[in-house]
Amino acid sequence: MRVGFRSSAVAFGLMTGIVTLAAMGIFVLMDPRAQAFWAARIGEAVAFLRSLF
C-alpha cells in the first residue's frame with residue numbers, strides 16, 4: 001500500500017508540531033522565568049475567557 005503525498009505532508013506537519021511542543025514543554029519545566037511568563041499568559045487568557053461569559 002502506497003502512502004500518498006497528502007498523508008505524508010500531514011504526518012510531517014503533525015510530528016513537527018508535536019516535537020516543537022515537547023521541546024517547549026521541557027524548556028518551561030526547566031526554567032522558572034519561562035514558568036512565570038507562561039503562567040501569566042495563561043492567566044490573562046483565562047481572565048479574558050471569563051470576561052466573555
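J.: Can you help me understand the packing of aromatic side chains in this one?
T.: Within a pair of aromatic rings, the relevant descriptors are the distance that separates the centres and the angle that separates the planes. If you walk through the whole model with that rule in mind, you get one aromatic pair. Aromatic pair Phe-37 and Trp-38: ring centres 5.1 Å apart, planes at 85°, arrangement edge-to-face. Given a relative accessible area of 39%, Phe-37 falls into the partly exposed group. Assessed through its relative accessible area of 36%, Trp-38 is described here as partly exposed.

J.: Sorry, what's going on with the pattern of salt bridges here?
T.: Should the charged atoms of two oppositely charged side chains come close, the side chains can pair. Tallied over the full model, the rule gives two salt bridges. Of the charged contacts, one joins Arg-33 and Asp-31 as a salt bridge, the two residues approaching to 3.5 Å between their closest N and O atoms. For Arg-33, a relative accessible area of 66% translates into the label exposed. The salt bridge partner of Arg-41 is Glu-44, with a shortest N-O separation of 3.4 Å. Taken together, the residues span about one helical turn, with Arg-41 and Glu-44 both in helix H2 (residues 32-52) at a distance of three residues. The exposure class assigned to Arg-41 is partly exposed, which follows from its relative accessible area of 35%. Overall, the relative accessible area of 49% leaves Glu-44 in the partly exposed class.

Analysis parameters
- Residues numbered from 1 in each chain as written.
- Predicted model: local features only at pLDDT ≥ 70, side-chain atom pairs only at ≥ 80, totals over all residues.
- Heavy atoms only, no water.
- Phe/Tyr/Trp six-rings, centres within 6.5 Å; stacked < 30°, edge-to-face > 60°.
- Buried < 20%, exposed > 50% of the residue type's maximum accessible area, 1.4 Å probe, protein only.
- Salt bridge = Lys/Arg side-chain N within 4 Å of Asp/Glu carboxyl O.
- Helix = DSSP H or I, 4+ residues; strand = E, 2+ residues; numbered from the N terminus.

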